[in-house]
Amino acid sequence: MILAGLFLSAPACADLVVIAHPKSGAEQLSKEQVVNIFLGRFRQFPSGIAAEPIDQAATSSEKAVFYQRLVGKELAEINAYWARLVFSGRTQPPRQAASAAQVLEMVAANPGAIGYIERPKNESRVKIVFDVEK
Amino acid sequence: MALAADIDFSGSGFLTLAAGNMLGGTTQAGGNVNDYNCPCLPTDFGQGGIYDGRGGLQWKPDSKLGLQGSAALGGGGLSMTGQVVARGARDGRVNLEWLYGSYEINEKFTLQAGRKRLPLFYYSDVQDIGFALPWVHLPPAVYGWDAVNYNGVSLLWRSQWGNWSSALNLLAGNESRRESGYYKIYNGRQNRTDVRWGDIAGGDLTLQRDWFEARFSYLQSTTQTKNINGAWDATTQSYAPATIDSAWMPSPTARQRVHGLALNADFRNWLARSEFIYIDRPGNDWKDFAQNLSLGYRHGKWQPMLTWSNYRSSANTRQGAESDAQEAWTVTSLVLRYDLGTSSALKLQFDNSKDRSGPNFGTAFGNARLLTLSYDLVF
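Remember, it's a predicted structure, so these values are computed and weren't measured experimentally.

Caption draft 1: Region of the structure containing the environment of B:Leu65. Residues and elements named next belong to chain B. Mapped onto the elements, leucine 65 comes out in strand 7 (residues 64–73). What makes leucine 65 partly exposed here is the crowd of 18 C-beta atoms within 10 Å. For the pair leucine 65 and arginine 178, spaced 113 residues apart in sequence, the C-alpha to C-alpha distance is 21 Å. In this structure, leucine 65 is in contact with Leu15 and Ala86, ignoring residues within four places of it in sequence.

So this is what it looks like as structure tokens:
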């Protein structure tokens, strides 16, 4: 964990939030609900709308920080977790966006999409549903 | 080409290169047990993967290469998946492990049909994916059975109850396996025994909350074997002709019942794995008890883990055999994993196997100390 912190640009993702579409029906999600959606355990908003999680790029510091803060795991551990689910046909990992801007665009365009980005300013197209605490 | 445009292909794969060396051990039968030069440690019963004292550095038992392809058909939740694996334990021959169609009815229900892995145990689904495992090889005391796949149907139901998520998987099918690896371990490396599991029915329920996970499983089937070319005879030190067991044995109405419980935790940097199996096989004269317990610690890219696993069989006394002093062994393993990147890892594993079989079990492999090193990759 200490090592990961040294390599990541911590100030760049000091304030990560999970965003969803205003029509997702979600006001606020619990940490467990976010974990269930992003780890493929159960992908549905409380409103009943199917949740479609979006990851940031595999090499982005946001992705490493998100999973470290959410479940305390390195990306290698997250990949090993997904290898288990993908090769057994149980579920697929989140779709991957090329950039934070693309995550924002995808969530703004799809009522089921859910992603994580730096806290946006003056952005009404998406709703913050979870603060990814340090 | 409108049809092709509606099909979305994706491919992935996995590789394990592993080499092991038997450091030492003891054996009660002058070294030759079931045509293996012991001390021996079977590490993959399903595929006949076994390290013995003869080969020096051995790469075959745990090395494998697998390719998986999926095709999503249109946007309606329909897909096809196939997986082939070439393994050293099978002299590089390529086996079709998975070939199934999947229909995601909605976010809660998924229906699958075809050839799949039999989810007997927690890690069964990924027993070939070294990168997904915390060991070089799975604890053989638990992961030691003759059928690993099945042809049939399964229904997966996902749900969420408060902060708990659940996944219930129900399945039914059959399996027929030529030249079982499991029986090569017990009947000799040149033995050919075919295996048939019929009327397979069962399922598993996984409950997860934050860092805790529990998995309950139950599966039943008929189980039969057919010895094609004779088993190793310890007295004559040669293969006896298959005269007695050349028919399917025993009666097809005899059922086995497999009960499993796995309790896992990933709490901060600590990880704990445990699995408890009880198999009642009244038609095959045996009851089997197997457990493994692991505790590991994650420190950056490093992950040391200690595992204790145990297997014990008990004969069914109403079949006329002595219930006690049958096959039993314990394996203590220390594994050090190092993640090279986000998709590859190195693992070094030391196994210390203690043979606790009693005098009523004739072909004990003896004690063994094995060191294995693996490189795992997913792509």
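Caption draft 2: Layout of the interface of chain A and chain B. Each partner contributes to the interface: chain A provides 22 residues, whereas chain B provides 29 residues. Elements represented by at least two residues in the side of chain A that touches chain B include exactly helix 2 (31–38) and helix 4 (75–86) of chain A. By residue number, the principal contributor to the side of chain A that touches chain B is helix 4 of chain A, which donates seven residues. When grouped by side-chain class, the residues that make up the side of chain A that touches chain B number 10 nonpolar, seven polar and five charged.

Caption draft 3: Structural context of helix 5 (residues 100–109) of chain A. All names here are of chain A. Of the residues making up helix 5, those classed as buried are Val103, Leu104 and Val107. Along helix 5, the residues classed as buried sweep out an arc of 100° about the axis, all on the same side. Facing away from the buried side of helix 5 by over 90 degrees, the exposed positions are Ala101 and Ala109. On the buried face of helix 5, the contacting elements are strand 1 (16–20), strand 2 (52–55) and strand 4 (113–118).

Caption draft 4: Expanded view of the nonpolar core. A:Ala83, B:Cys40, B:Ile129 and B:Phe131 are the most contacted members of the largest nonpolar core, which totals 60 residues. Discounting residues that sit within four places of it in the chain, B:Ile129 has contacts with A:Ala83, A:Arg84, A:Phe87, B:Phe14 and B:Val378. Counting residues in hydrophobic clusters, the runner-up holds 32 residues, among them A:Leu16, A:Ala26, A:Val107 and A:Val132.

Caption draft 5: Spatial organisation of the confidence of the model for chain B. Looking at chain B as a whole, the pLDDT averages 90, with 94% of positions reaching at least 70. Interface confidence for the predicted complex, given as ipTM, is 0.84, next to a pTM of 0.90.

Rules of the game
- Residues numbered from 1 in each chain as written.
- Chains lettered and ligands numbered in written order.
- Predicted model: local features only at pLDDT ≥ 70, side-chain atom pairs only at ≥ 80, totals over all residues.
- Helix = DSSP H or I, 4+ residues; strand = E, 2+ residues; numbered from the N terminus.
- Buried ≥ 20, exposed ≤ 12 C-beta atoms within 10 Å, placed from the backbone.
- Contact = placed C-beta atoms within 7 Å.
- Nonpolar A, V, L, I, M, F, W, Y, C, P; charged D, E, K, R; others polar.
- Arc of directions from axis to C-beta.
- Core = buried A, V, L, I, M, F, W, Y, C linked by C-beta atoms within 7 Å.
- pLDDT = per-residue confidence, 0-100.

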